[in-house]
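What follows is the residue order along each chain.
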Amino acid sequence: MKAVLLPFGILLSISALAQQPSAVGVLPGATKVALGTVNSRYERAKNLMTAGKYRFALTELQTLIITNTPKPGPETNAATYLWAVAAMRDSRAKEAEPVLRTLRQRQPNWEGIPDVILLQAMLAEALGERERAFTILKEMPDGALPAETAEMITRLGYGAKTTENTTNAPVRVAALLPLGLDDADPRRAQFGQELYAGLRLAADSLRALGTPVDVRAYDLGNDTVATRALLAKPDLSGVDLIVGPVYKAPSRLVAAATAARQTPIVNPLSEDASLLEASPALYLFRPSLQTQARTAAALAYGRFEPKTAVLLVEDTRDDTTFAAAFRKEFERLGGRITAEERVSSQTYRTRMTDKVNALPLDSLETGALVVVSDEKNAAVQVTGRLQRDNRRLPVLAPVAWLEMAELQIEQFNDREFYFLAPTYRDAPAPANRQFRRAWQARYGVPPSDYARAGFELLFTMAPLARRGGASFGANLARRGLQPGPLSPALGYPGGARDNQGMTVLRIVGRGVEVVK
């Protein structure tokens, strides 16, 4: 498996096409080229690429590319570039590279030429011609695509050699993420693409602040065979930080294989604390389910009277794990669980009403209701029961309830609802507004939660990984629990290996208050 460095536009815009039909598409540096009235074939090709049908896209574009057009212009250039991207995705690099060479010869002044050169070099690399790929990169105009060019040169093995103790040596990061390069529908890997783009934006920001970061991406999904193939190569032996894999089986394999080197590994999405058993150098960027439950239990015990709680628990592995951890911590603090009801919203929808109505919520002995379910059926039934009873019983619930169209904000703002938000980032905060502006300036679309997570992860972790794997944990512990670049709290105090920055929200008026 090769490391891949994709121009930002190629990486994101295929997925973004589905959301922005009018966008030019995969012209990373030339997205502002005026195309006038774009040929309908070009539009159909974009839609086909969005659906992952690259071979059909090639057919649509065939008559528009520069080698088949008597009088080329901006539309021809754009179509040729799109055709070459489709050819790369369809494993036809040998056909595409000569066409890009022709485009450069016949349209040398087109503003998208730097991106053409980068793509041409990538095609040469895909053909195993590393020396020729390097030669092509040397033809890049001065000052054009400096970060992408430098990273690819380093990947090809022509970068300047550095040592561990060199002050300006970059932090070497391997991103093992699902990018969907060989997926029939790349949109299924959009979350991985956005994570990676967030990492790249953080690397640019750190570089501007004096911390050079070299991020290399490997397209790795939930595939243990591909994971073992990657581990059999020397690619990960010299890195300072590994981000990913996101899936559990590959994550455990990578952690076990790199444990002896103490290479720090950060899983960006998992909340499964059992993963941490694979290596003492593995960390979770999100709070584990156990940390979330302990936070909720401490809040319930310290804030509500009497010190009792009723549990309504979705019968899934994660929710029952959370409930068990909540019960353990709540009882350790001196609290008492007066009732616990298991429900299966998907299987027993008609029985949910009976189960919720049977909960002892009208008893004065109940201090709080803890709902461990992000299913709409449970949310609707619980809020309906409380409205009918007209009782201000404190309720702890997942933050996903605030996104449910079936529920209105008015149902929460005059009652004591507390929402557990392990990935909360305060959008109106100045740092988040600045990040949003930078992201939109580069990609033209609002950032997703995955993009924010990728940025915050690398911006926080890369400087701490600079001194080597053995000191990473100590660096994290010394940092303590404090606000993150984008979130209210982020940290690993006391040797914790999952993020202890757990946020709890409540609705006040029509706004959100951070309770913890």
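See the structure printed just above.
Notes on the structure follow. In this text the structure is predicted, and so the values were computed from the model without any measurement.

### Here's the deal with the packing of aromatic side chains
Here comes step 1: Summed over all chains, the structure comprises 14 aromatic pairs.
Here comes step 2: Aromatic side chains phenylalanine 412 and phenylalanine 419 sit 5.1 Å apart centroid to centroid with 80° between the ring planes, which places their arrangement in the edge-to-face category. The residues phenylalanine 412 and phenylalanine 419 share a single accessibility class, namely buried.
Here comes step 3: A centroid spacing of 6.1 Å and a plane angle of 10° characterise the contact between phenylalanine 417 and phenylalanine 419, whose relative ring orientation is stacked. Each member of the pair, phenylalanine 417 together with phenylalanine 419, is buried.
Here comes step 4: Taken together, Phe435, Trp439, Tyr443, Phe455 and Phe459 form an aromatic cluster joined through their ring pairs.
Here comes step 5: For the cation-ring pair, lysine 307 lies above tyrosine 301, with the distance from its terminal atom to the ring centre recorded as 5.1 Å.

### Looking at the sheet that holds strand S11 (residues 503-508)
Here comes step 1: Here we have 7 strands laid out as an open sheet, ordered S7-S6-S8-S9-S10-S11-S12, and mixed in their pairing. Strands with a single pairing partner mark the edges of an open sheet, and in this sheet they are strand S7 (336-343) and strand S12 (511-514). For this sheet the average axis-to-axis angle between neighbouring strands, irrespective of direction, equals 25°.
Here comes step 2: In this structure, S11 lies alongside S12, joined through 4 bridges in antiparallel fashion. Its bridge partner being in S12, valine 508 is matched across the sheet by glycine 511.
Here comes step 3: Packing of helix H13 (residues 317-333) onto the sheet brings it into contact with strand S6 (308-314), S7, strand S8 (369-372) and strand S10 (417-421), and relative to S6 it is tilted by some 170°.

### Focus on the packing of helix H10 (residues 224-231) against helix H11 (residues 248-258)
Here comes step 1: The N-to-C vectors of H10 and H11 enclose an angle of 20°; their axes lie 9 Å apart at closest approach. As the angle between them shows, H10 and H11 are arranged roughly parallel. The handedness of the crossing between H10 and H11 comes out as right-handed. Contact residues: H10 offers Thr224, Thr227, Arg228 and Leu231, while H11 offers Ala249, Pro250, Leu253, Val254 and Ala257.
Here comes step 2: For the contact of H10 with H11, the class distribution of residues is 6 nonpolar, 2 polar and 1 charged.

### Observations concerning unusual backbone geometry
Here comes step 1: In this structure, the amide linkage connecting glycine 244 to the following residue, proline 245, adopts the cis form with an omega of -5°.
Here comes step 2: Mapping proline 245 onto the fold places it in the loop between strand S3 (241-243) and H11.
Here comes step 3: Of note, the bond from glutamate 305 into proline 306 is cis; its omega dihedral lies within 30 degrees of zero at -10°.
Here comes step 4: Residue position: proline 306 is located in the loop between helix H12 (289-303) and S6.
Here comes step 5: For glutamine 262, which is not a glycine, the phi torsion comes out positive at approximately 55°.
Here comes step 6: With respect to the element layout, glutamine 262 can be found in the loop between H11 and strand S4 (265-267).
Here comes step 7: Of the residues examined, glutamine 262 reaches a relative accessible area of 41% and is grouped as partly exposed.

What counts as what
Residues numbered from 1 in each chain as written. Predicted model: local features only at pLDDT ≥ 70, side-chain atom pairs only at ≥ 80, totals over all residues. Heavy atoms only, no water. Phe/Tyr/Trp six-rings, centres within 6.5 Å; stacked < 30°, edge-to-face > 60°. Buried < 20%, exposed > 50% of the residue type's maximum accessible area, 1.4 Å probe, protein only. Lys NZ or Arg CZ within 6 Å of the ring centre and 35° of its normal. Pairing = 2+ DSSP bridges. Helix = DSSP H or I, 4+ residues; strand = E, 2+ residues; numbered from the N terminus. Axes fitted to C-alpha atoms, helices over the stretch in contact; angles between N-to-C directions. Contact = heavy atoms within 4.5 Å. Parallel < 35°, antiparallel > 145°, perpendicular 65-115°, else oblique. Left-handed = near helix turned anticlockwise from the far one by under 90°. Nonpolar A, V, L, I, M, F, W, Y, C, P; charged D, E, K, R; others polar.

Taken by themselves, the reported measurements are silent on function.
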